Amino acid sequence: RRLDKLKGPNMWRRNWYMAAAGAPVGFYILFKLLHKGYGAQVARFVFEKTTSFFHEHVSVPLKAIFLELFSRQRRETISDHNARLVAIESLQNMIRDWLRETYPLMPVIERDNRALACDMSLIEKKKEESMKTIYEINSVVRMSLIEMQFIKKEMMNAMYAMDEMMTSNEINMNLAAVTPAVLLLYGVRFVAKFCWYALLKMGKSREEVHASFRHIVLDMERLLTMRDRPPGVPPPLGTSAVLPQSRAIGVSSSDPVVLSSDDLGMLLLHIHACRTILWKNQRRFSPQIRRDV
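Notes on the structure in this doc start here. (Residues numbered from 1 in each chain as written. Predicted model: local features only at pLDDT ≥ 70, side-chain atom pairs only at ≥ 80, totals over all residues. Heavy atoms only, no water.)

## Looking at the overall build of the chain
Right, on to step 1. A count of helices and strands for the chain gives eleven helices and zero strands.
Right, on to step 2. Each helix and strand of the chain, ordered N terminal to C terminal, gives the series α-α-α-α-α-α-α-α-α-α-α.
Right, on to step 3. Looking at the 293 residues of the chain, the share that counts as buried comes to 19%.
Right, on to step 4. By sequence separation, contacts in the chain at least 24 residues apart represent 66% of the contacts at least 6 residues apart.
Right, on to step 5. Surface accessibility of the chain: about 22700 Å² in total, with carbon and sulfur atoms responsible for 64%. (Helix = DSSP H or I, 4+ residues; strand = E, 2+ residues; numbered from the N terminus. Buried < 20%, exposed > 50% of the residue type's maximum accessible area, 1.4 Å probe, protein only. Contact = heavy atoms within 4.5 Å. Areas by Shrake-Rupley, 256 points an atom, 1.4 Å probe, with all protein chains shown as cover.)

Here it is, written out as structure tokens:
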């Protein structure tokens, strides 16, 4: 009962300033939320944003990463591979037929090579010459259609290249999409930990418990080190004589060093403090450490 007066104040008395400042602010926010249905609107808005954020930065990226690593299912492509091959083949046939009709004396091998390479140089040159007169309008229309087919082929090739690039970098993009969620969770954990341990004083963190344990062990080491070979008694003031080492407190040249009752009691208090920390904060230490201590 006598020691009850020495106990520290409870949590509410230690954080009275937070309650005094937070209660009016809390009541004001609650009144604003309940007035005219603002609370339901805010709750709906927060729910929609949270759902959208979870879907975009957690659910979809993690599912895509899992499918890429542990399944053979490939992502959906934006281009049609078969349609691309058909467009290329159609363009080659159009160029081959045009060269056969426009340049009949061209060797077959050269004509086939130009068609396979989708070479448009002769078509562009011939179109430039045909545009000077209106009598070759049919030829111009035909060459324009060939150019449109060439543009279609190039667009489908670009889409196919984009698909290949996105497929090869899919896991990188998904990891980048998950990064905001990871940073947000880390920030929330840091703020919650700060409010729980620093502001509300609800227990101690792992670092604080380990620091307290280290300080107690360091005090025990200092006590044992100082009492192993303590210094001799200082000489009286005004004299320069040095007392022999055999007159040191608790030290004798022949007798072993023995802790005094005060030092032994202090050592036991330190040991009790270590055991108290271990029992009150068992989850902060591994089972092997608790068994060893």
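## Remarks on helix H6 (residues 121-130)
Right, on to step 1. Among the residues of H6, Leu-122, Ile-123, Lys-127 and Ser-130 are the ones counted as buried. One side of H6 carries all its buried residues, which in axial view fall inside an arc of 130 degrees. Within H6, the exposed residues directed more than 90 degrees away from the buried face are Lys-125 and Glu-128.
Right, on to step 2. Elements in contact with the buried residues of H6: helix H4 (81-102), helix H5 (108-116) and helix H7 (137-168). (Arc of directions from axis to C-beta.)

## What about the packing of H4 against H5?
Right, on to step 1. The N-to-C vectors of H4 and H5 enclose an angle of 145 degrees; their axes lie 8 Å apart at closest approach. Considering how the two elements wind past one another, H4 and H5 form a crossing that is right-handed. Contact residues: H4 offers Gln-92, Ile-95, Arg-96, Leu-99 and Arg-100, while H5 offers Arg-111, Asp-112, Arg-114, Ala-115 and Leu-116.
Right, on to step 2. Across the contact of H4 with H5, the residue classes break down as four nonpolar, one polar and five charged. (Axes fitted to C-alpha atoms, helices over the stretch in contact; angles between N-to-C directions. Left-handed = near helix turned anticlockwise from the far one by under 90°. Nonpolar A, V, L, I, M, F, W, Y, C, P; charged D, E, K, R; others polar.)

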